[in-house]
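Read off the chains here:
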Amino acid sequence: MNMEIYLQLTEFNQEYAAAVDAADWDRWLEMFTDDCTYRVQSRENFDRNLPMAALSLSSKGMLKDRIYGITETIFHDPYRQNHVISAPRITSISTGLIEAQANYAVFRTKNDGIAEVFNVGRYLDRIRQTPDGLRIESRTCVFDNDMILNSLIYPI
Amino acid sequence: MSQENLIPLLPVWDQPDTSRIPFWAYTSKDIHKQELEKLFYKGHWCYVGLEAEIPETGDFKRTVVGERSVIMVRDAQGGINVVENVCGHRGMQFCREKHGTVKSFVCPYHQWNYDLEGNLQGVPFRRGVKQDGAVKGGMPKDFNPKEHGLTQLQVARRGGVVFASFDADVEPFEDFIGPEMLAYFDRMFNGRKLKVLGYNNQRIPGNWKLMMENIKDPYHPGLLHTWFVTFGLWRADNRSELKMDRHHRHAAMISTKGEGGKNAQTTNISSFKESMQLNDPRFLDVEMEPWWNGPTAVMMTLFPSVILQQQVNSVSTRHIQPNGHGSFDFVWTHFGYEDDTPEMTERRLCQANLFGPAGFVSADDGEVIEFSQQGFEQKPFHRTLAELGGRDIEDTDHMVSETLIRGMYKYWRKVMGV
Ligand SMILES: [Fe+2]
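The structure contained in this document is the topic of the report that follows.

How each quantity is defined
- Residues numbered from 1 in each chain as written.
- Chains lettered and ligands numbered in written order.
- Predicted model: local features only at pLDDT ≥ 70, side-chain atom pairs only at ≥ 80, totals over all residues.
- Heavy atoms only, no water.
- Donors = N, O, S within 2.8 Å, 3.2 Å for Na, K, Ca; no water.
- Tetrahedral: all angles 85-135°; square planar, octahedral: opposite > 155°, others 65-115°.
- Buried < 20%, exposed > 50% of the residue type's maximum accessible area, 1.4 Å probe, protein only.
- Helix = DSSP H or I, 4+ residues; strand = E, 2+ residues; numbered from the N terminus.
- Contact = heavy atoms within 4.5 Å.
- Polar contact = N/O pair within 3.5 Å; in protein donor to acceptor, adjacent residues only side chain to side chain.
- Pairing = 2+ DSSP bridges.
- Axes fitted to C-alpha atoms, helices over the stretch in contact; angles between N-to-C directions.
- Buried area = accessible area lost by both parts, 1.4 Å probe.
- Salt bridge = Lys/Arg side-chain N within 4 Å of Asp/Glu carboxyl O.
- Nonpolar A, V, L, I, M, F, W, Y, C, P; charged D, E, K, R; others polar.
- Phe/Tyr/Trp six-rings, centres within 6.5 Å; stacked < 30°, edge-to-face > 60°.
- Lys NZ or Arg CZ within 6 Å of the ring centre and 35° of its normal.
- Core = buried A, V, L, I, M, F, W, Y, C linked by side-chain atoms within 4.5 Å.

Moving on to the coordination of the iron ion. Residues and elements named next belong to chain B. Taken together, the protein donors to the iron ion comprise His 220 (NE2), His 225 (NE2), Asp 365 (OD) and Asp 365 (OD), at separations of 2.0 to 2.5 Å. The site at the iron ion holds four donor atoms, and with the angles between them running 56 to 147 degrees, its shape is irregular. Along the chain, the residues donating to the iron ion fall in the pattern H-x4-H-x139-D. The class of His 220 is buried, set by a relative accessible area of 12%.

Written as C-alpha cells, this is what we have:
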C-alpha cells in the first residue's frame, strides 16, 4: 500500500465531510474536476444496473446549478448534516488516478433537535491527482436506505 | 370554538360544499381504515407496475395495493398475475425479495408451495407419515388445496401498465378510467414497449390524499416551485387545461409551454429572473417527441393510487403507498421507450434531476405535504380552503383554479358516505 496516497485520501475525505457539513458549497465545488460526475444512487438501482439516480450531475456546471437550487430555489425544512466517513479502501492506483471506496453515514438534524440516520452507503470514487491536490473526477454515493426520508436536498 | 369541538369525534362534513375540506379527512385513523376498504380494496383499480419490470416467465415484483403486500408475476403463458403476499397456511408474508425470478412461490415456514397463479400445489406431510405400518398425522381427509391458494387479484393491462383489484366485481378498467382520461393514458402508453430506467423511493409524513391533491393543484407550481419559474419552464400564461373523468376522481393537468420572455404574468411572480441561465443547459435540453401531440406536460392522477407524469422528456409513474393516515411511501418508476436513442435516454435521465426526492422541483412538494399534515394534526377541527376559480366543479382552459381538488372530494364524499 502507498501510505502517502492513503493518508492524502483519508484527509481529503475528512475535508469533504467538513465542507458538506458546514454547507460550504464553494469548497465542495472546488473538490471536483471540471468534467466531473456526482451521483446519489440507491443501492436498488445500482445493484440492478438501472441508470436512474436520485441525483445525477455530470459536469461542474451541473454541480453549480445544484448549489443554486439548494441555496436559492428549493423550499425545504432547514437541516444540518453530519457525515461520518470511514477510512478509504483503495482498489487501484494508476497514473494520476486513484480508485477507491469509503463507507459513510449521514445524520440529519432538523431544528427540533432530533438527530436521525438519514443516508447510509458507500462512495465509489475516481480521484485525480492534480498539481492542486486531489480532485474528484467521479463520486457515486450508493445508499442502502432506498427509502429517502421525504427529501434529499444537500449533497451527500 | 368550544372545547368539545376541538377534536371531532364524528367525522361530519360541516362545510357547505367541497371547496372547504375538514382537517379530519387527513387526521382520522378511522377514516383512513375506511378509505383503504372503500377506495383501495373495493371498486377501484390500483397501480401495481409495468409489464417491462417482469419480462420473463417467473419474474416477479413485490409491491402493494393500499397497505396490502402483493406480488405481480409473469406466468408461463405470458400472462400477468397479482397475488396477495400472505400464505394460505399461517398467514406469513412469505415473499421478502422486492423482485426476482421464481418457478413457484414457497412459504419457508412450512414449505407450502404455490404456482405462479397462486394456486396451492404442495403441502408437506399432507398425507401424514408412515410409522410402524400406520399413517399418522397429516391433513384431514377433506382438506382441499383449492380453498387455500393465495388471494388472486383481478388484473388489468393496458399499454404495458398493470393495475390490480381485490374486488371481483370491479368495473372494466377502461370504464374505470373513463374516455376523457383514457385518451391521455393511451397517449403516454401507446403500445411501444417500455424500458425501465429505475426507481426513486421517498417516505412522506403526510396523508396520502395530499399527493393526489398536489397533482390536482395548478395553483402552486408557479409559486412554490421557484426553480420552474426561474428557468422559464412554468408560466401562468402557458396554454393549459384541467380535465376530469365524469366522476371527478381522476384528472389531468395539461399544459403547453409557450415562448420564454418577460410579461405581466411572469413579472407578477417574484421568483422570475429574466437573466438567470443554467450553467449546464442539459437539465432543460428538451426535444419534442411526436407522441406528445402538442402538450409539453400532462400530469394525470388516477385515483387513488397513481400519478402518471410527463414533464417534457421525463416520464414516470408515481405510486402512492399509504402507511397509516399520516404517512405514505411514494415510489417513482422512471422509464423510456424501446425506440429511444441513447441520446433520448440520457435526456430523460438528465431531466429526472427535476423530479423525485432530490428533484429541483419535486423536493418542494414532499416538504409542503409534511408541513400541511403538521398543521392538520394540531387543529383537527379546522378545514382547508380550495376556492380558487370558484366553488363549482368543471373542466377549465386555464390553471388558476382548484376545481380538481373540489371534484376529487365530491367523489370522495360520495364513496365514503360522509
Ligand atoms: Fe408541485
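Structure's up, so let's keep going.
So, on to the environment of Lys 64 of chain A. Following the sequence through the fold, Lys 64 of chain A ends up in helix α4 (residues 60-73). For the pair Lys 64 of chain A and Glu 4 of chain A, spaced 60 residues apart in sequence, the C-alpha separation works out to 31 Å. Other than its neighbours up to four places away in sequence, Lys 64 of chain A contacts Leu 29 of chain A together with Asn 279 of chain B.

Moving on: the environment of Asn 113 of chain B. All names here are of chain B. One can find Asn 113 in strand β8 (residues 112-114). On the basis of relative accessibility, which here comes to 18%, the residue Asn 113 falls in the buried class. Along the chain, Asn 113 and Gly 149 lie 36 residues apart, while their C-alpha atoms are 9.2 Å from each other. In contact with Asn 113, not counting residues within four places along its chain, are Ser 104, Phe 105, Val 106, Asn 119, Leu 120, Gln 121 and Gly 122. Looking at Asn 113, its side chain comes within polar contact range of the side chain of Ser 104, at 3.3 Å.

Right, let's talk about the sheet that holds strand β15 (residues 239-244) of chain B for a bit. Spatially, the eight strands line up as an open sheet ordered β8(A)-β14(B)-β20(B)-β19(B)-β18(B)-β17(B)-β16(B)-β15(B), and their pairing is mixed. The sheet is open, and its two borders are formed by β8 (147-149) of chain A together with β15 of chain B, each paired with just one other strand. Here the strands of the sheet are splayed against their neighbours by 15 degrees on average, with no regard to which way each runs. Pairing between β15 of chain B and strand β16 (residues 251-256) of chain B: six bridges, direction antiparallel. Note on β16 of chain B: the bridge partner recorded for Lys 243 of chain B is Ala 252 of chain B.

For the rest of this paragraph, the subject is the interface of chain B and chain A. Counting residues at the interface gives 41 residues for chain B and 36 residues for chain A. Counting each side, the surface lost to burial between chain B and chain A is near 3300 Å², with a carbon and sulfur contribution of 55%. When the area that chain B buries against chain A is broken down by residue, the three leading residues are Tyr 199, Ala 358 and Glu 367 of chain B, summing to 18%. Our count for the chain B to chain A interface comes out at two salt bridges. Here chain B is connected to chain A by 21 residue pairs in polar contact (both at pLDDT 80 or more). Breaking the side of chain B that touches chain A down by element, the ones donating at least two residues are β14 (194-204), α6 (226-230), β20 (328-337), α8 (342-351) and α9 (362-378) of chain B. At nine residues, β14 of chain B tops the list of elements feeding residues into the side of chain B that touches chain A. Residue composition of the side of chain B that touches chain A, grouped by class: 20 nonpolar, twelve polar and nine charged. When β8 of chain A meets β14 of chain B, the two strands line up parallel, connected through three bridges. Bridged to Ile 148 of chain A within β14 of chain B is Gln 202 of chain B.

For the structure shown, the criterion picks out 42 aromatic pairs over all chains. Of the aromatic side chains, those joined through ring pairs into one cluster are Trp 45, Tyr 47, Phe 163, Phe 173, Phe 185, Phe 189, Trp 291, Trp 292, Phe 335 and Tyr 337 of chain B. Above the plane of the ring of Phe 360 of chain B lies Arg 66 of chain A, whose end atom (NZ or CZ) is 5.3 Å from the centre.

Take unusual backbone geometry next. The peptide bond linking Phe 303 of chain B to Pro 304 of chain B adopts the cis configuration, its omega dihedral lying at 0 degrees. Structurally, the position occupied by Pro 304 of chain B is in the loop between β17 (297-302) and β18 (306-311). Residue Asn 150 of chain A is not a glycine yet carries a positive backbone phi of 60 degrees. We classify Asn 150 of chain A as buried; its relative accessible area is 2%. Positioned with a positive phi, Asp 132 of chain B is a non-glycine residue whose angle comes to about 50 degrees. Along the chain, Asp 132 of chain B turns up in the loop between β10 (129-131) and β11 (134-136).

Right, let's talk about the nonpolar core for a bit. Of all hydrophobic cores here, the largest spans 108 residues; its most connected members are Tyr 16, Tyr 38 and Ile 156 of chain A together with Trp 412 of chain B. The dominant element in this core, judged by the number of residues it contributes, is helix α10 (residues 403-416) of chain B, at seven residues. Tyr 38 of chain A has contacts with Tyr 16, Trp 28, Phe 32, Leu 55, Ser 56, Leu 57, Leu 63, Arg 139, Cys 141, Pro 155 and Ile 156 of chain A, leaving out every residue within four places of it along the chain.

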